[in-house]
Amino acid sequence: MIKHHPESTMIHAFVAGELPASLSIAVSAHLELCPHCKAIADKATKAMADEFSGNEALVELAEPTPAQPVDEFATMLAAITEQPTDAPALKSAAVESSNQMALGEKTYTLPRALRQFSQTKWSGLGNIQRARLGLDEGDVHASLLQIDADSAIPHHTHKGYELTLLLDGCFEDESGRYEKGDFIILNGEHHHSPYTAEGCLCYTVSNAPLHFTSGVSKLLNPIGRFLY
Amino acid sequence: MYQTNQLADATINKSESAVDVQPDLNQYLMAVASHQDKAAFAKLFAFFAPKIKAFGLKQFRQEALAMDLVQETMSLVWRKAQLYSPEKGKASTWVFTIMRNYSFDMLRKIQHNKEDNLSDDLWPLYEEAEPEPDYEDDHLMREQLIQGLEALPPKQKEVVEAIYLKEMTHQELAEHLGVPLGTIKSRLRLGLEKLKEKMELHND
Ligand SMILES: [Zn+2]
């Protein structure tokens, strides 16, 4: 069962289209897995749409008001209705592209928000495979990570924030066990060392490299940059 | 659950002076969907275009970009109207979604020079309809329904529309029309029977 959810302010920002793409992908993918948050998002969408459309009576609009910049709108309106409408078949074509992603021996079904990244190039370091999404959002990097079974990531902290959405498998750290759909945000105050017994696939977003904190694992800081 | 939400929303949004325009909007959109009704589209356009422009100005702070948003959103509404169905929500929610999506893609283009058009994957517009081998049938059926509705005697048509398209309750409608509840029920029954007959005729 999913125990970790995005905060409702984040869901509202997502619905308003105000989150950057990297975080929007995470929230969208979570909503696909979490009916609870999906309901919150649906409600927010309705509320925003109501606010957008207001409550004015349509009666007044029967006649175009001459005071309005009617001309530019009128030209536009005429041009739009000259266009042919889409055939219903186009709809099926639009939703078809594949959600399947093969990686090593495994095939994953990606959430819809991630499906256009199913062909992203992977690179590996030790027991971790990473595919960077290339969203071009400056310091904010978004990646898919696949971690092999029976692997640990040494004790580390986050200089910025790190968001992890667990897409497949499970892992655990000092604060508990995480399952498919869990939406976990960590920042500089958190130290942890995640371990996965069965292996997992995650989507991660972070704005700074991981920082390894204890003794010998400082040698691992290249991994920290790799994971970022 | 869907029903309860709708009810809750309806009560919240009813301000006393304003007439609720949503049912009209739904019907206009349905008319565009079923027979590319230009007059109905003009009403939708008159209602939404200024609101979309205002939203666009807030978002982009540029007249030209705001007008782009109006143009693209309303084009999509025109071209894809047949994907709308009132069971999935109000027309205004549908239009808002299209606008929000297009605006998100525009912002990404402006701010990050990316044309990845992520929005339709982030906020699927048509998700409930996805497993849809029956879609053609559905579409056909809806058209037949709308035609059937047009052919009903006016009083029956009024009642069927009010209950099924405007989602009024029997009681509300009785008060609205100033007729007894029983009259509503019998008109509704007669209207539905005729509609059913028509559909069966079509499907044989
Ligand atoms: Zn959730």
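Residues numbered from 1 in each chain as written. Chains lettered and ligands numbered in written order. Predicted model: local features only at pLDDT ≥ 70, side-chain atom pairs only at ≥ 80, totals over all residues. Heavy atoms only, no water.

Colleague: Tell me what's going on with the overall build of chain B, and back it up with residues and numbers.
Modeller: Helices and strands together make up the secondary structure of chain B, namely ten helices and zero strands. Ordering the α and β elements of chain B from the N terminus gives α-α-α-α-α-α-α-α-α-α. Within the span of chain B, comprising 204 residues, buried residues form 48% of the whole. Taking the intrachain contacts of chain B between residues at least 6 apart in sequence as the baseline, contacts between residues at least 24 apart amount to 58%. Surface accessibility of chain B: about 10,700 Å² in total, with carbon and sulfur atoms responsible for 53%. (Helix = DSSP H or I, 4+ residues; strand = E, 2+ residues; numbered from the N terminus. Buried < 20%, exposed > 50% of the residue type's maximum accessible area, 1.4 Å probe, protein only. Contact = heavy atoms within 4.5 Å. Areas by Shrake-Rupley, 256 points an atom, 1.4 Å probe, with all protein chains shown as cover.)

Colleague: I'd like a description of the packing of aromatic side chains, backed by residues and values.
Modeller: According to the stated counting rule, one finds ten aromatic pairs over all chains in the structure shown. On the basis of an interplanar angle of 50° and a centroid distance of 5.9 Å, the ring pair of Phe52(A) and Phe96(B) is categorised as tilted. Here Phe52(A), found in helix H3 (residues 35-53), pairs with Phe96(B), found in helix H5 (residues 91-112), and the two come from separate chains. The same class applies to Phe52(A) as to Phe96(B), namely buried. Aromatic ring contacts, followed pair by pair, group Phe52(A), Phe47(B), Phe48(B) and Phe96(B) into a single cluster. Between the NZ or CZ atom of Lys51(B) and the centre of the ring of Phe47(B), over which it lies, the distance is 4.6 Å. (Phe/Tyr/Trp six-rings, centres within 6.5 Å; stacked < 30°, edge-to-face > 60°. Lys NZ or Arg CZ within 6 Å of the ring centre and 35° of its normal.)

Colleague: Just give me the short version of the confidence of the model for chain B, but keep the residues and values in it.
Modeller: Residue and element names in this part refer to chain B. Across chain B, the average pLDDT comes to 79, with 76% of residues at or above 70. Taking the mean pLDDT of every element in chain B, the minimum, 39, falls on helix H1 (residues 2-13) and the maximum, 95, on helix H4 (residues 63-80). Scored below 50 in pLDDT, residues 1-18 makes 15 contacts in the model with residues more than four places away or belonging to other chains. With a pTM of 0.72, the predicted complex shows an ipTM of 0.83. (pLDDT = per-residue confidence, 0-100.)

Colleague: Mind laying out the coordination of the zinc ion, listing which residues take part and the relevant values?
Modeller: Residue and element names in this part refer to chain A. Note on the zinc ion: its protein donors are His5 (ND1), His30 (NE2), Cys34 (SG) and Cys37 (SG). The metal-donor distances range over 2.0 to 2.4 Å. Around the zinc ion, the four donor atoms sit at angles spanning 102 to 115°, and that spread fits a shape best called tetrahedral. Donor residues for the zinc ion, ordered by position in the chain, follow H-x24-H-x3-C-x2-C. Here His5, found in the segment before helix H1 (8-15), pairs with Cys34, found in the loop between helix H2 (21-33) and H3; they are 29 residues apart in sequence, far enough to count as distant. For Cys34, a relative accessible area of 3% gives the class buried. (Donors = N, O, S within 2.8 Å, 3.2 Å for Na, K, Ca; no water. Tetrahedral: all angles 85-135°; square planar, octahedral: opposite > 155°, others 65-115°.)

Colleague: Residue-level account of helix H2 (residues 22-35) of chain B, with values.
Modeller: Residue and element names in this part refer to chain B. Taking 1.5 Å as the rise per residue, H2 with 14 residues should run 20 Å; its terminal C-alpha atoms sit 20 Å apart, in good agreement. Most of H2 is tucked away: ten of the 14 residues are buried. Within the span of H2, buried status applies to Gln22, Pro23, Leu25, Asn26, Leu29, Met30, Ala31, Val32, Ala33 and Ser34. One or two steps after H2, the chain reaches Gln36, where phi turns positive at roughly 40°. (Expected span 1.5 Å × (residues − 1).)

Colleague: I'd love a proper account of unusual backbone geometry, names of residues and values included.
Modeller: In the Ramachandran plot, Asp150(A) falls in the positive-phi region, its phi being about 55° despite a non-glycine side chain. Note that Asp150(A) resides in the loop between strand E5 (141-147) and strand E6 (151-152). With a relative accessible area of 55%, Asp150(A) lands in the exposed category. Phi is positive for Asn117(B), which is not a glycine, with a value near 40°. Note that Asn117(B) resides in the loop between H5 and helix H6 (119-122). Residue classification places Asn117(B) among the partly exposed residues on the basis of a relative accessible area of 49%.

Colleague: Please give an account of H2(A) that cites residues and values.
Modeller: Residue and element names in this part refer to chain A. Compared with an ideal rise of 1.5 Å per residue, which puts 13 residues at 18 Å, H2 spans 18 Å between its outermost C-alpha atoms and is within 8% of the ideal. Counting buried residues along H2, eleven of its 13 residues qualify, which places the element largely inside the surrounding structure. Taken together, the buried positions of H2 are occupied by Ala21, Ser22, Leu23, Ser24, Ile25, Ala26, Val27, Ser28, Ala29, His30 and Leu31.

Colleague: Describe the nonpolar core, and please don't skip the residues or the numbers.
Modeller: Judged by nonpolar contacts, the single largest core of 87 residues is most densely connected at Ile25(A), Tyr203(A) and Met74(B). It is helix H3 (residues 38-60) of chain B that contributes the most residues to this core, ten residues altogether. Contact partners of Ile25(A), with chain neighbours within four places excluded, come to Ala113(A), Leu114(A), Phe117(A), Leu133(A), Leu135(A), Tyr203(A), Leu118(B) and Leu122(B). Counting residues in hydrophobic clusters, the runner-up holds twelve residues, among them Ile128(A), Ile147(A), Leu166(A) and Tyr178(A). (Core = buried A, V, L, I, M, F, W, Y, C linked by side-chain atoms within 4.5 Å.)

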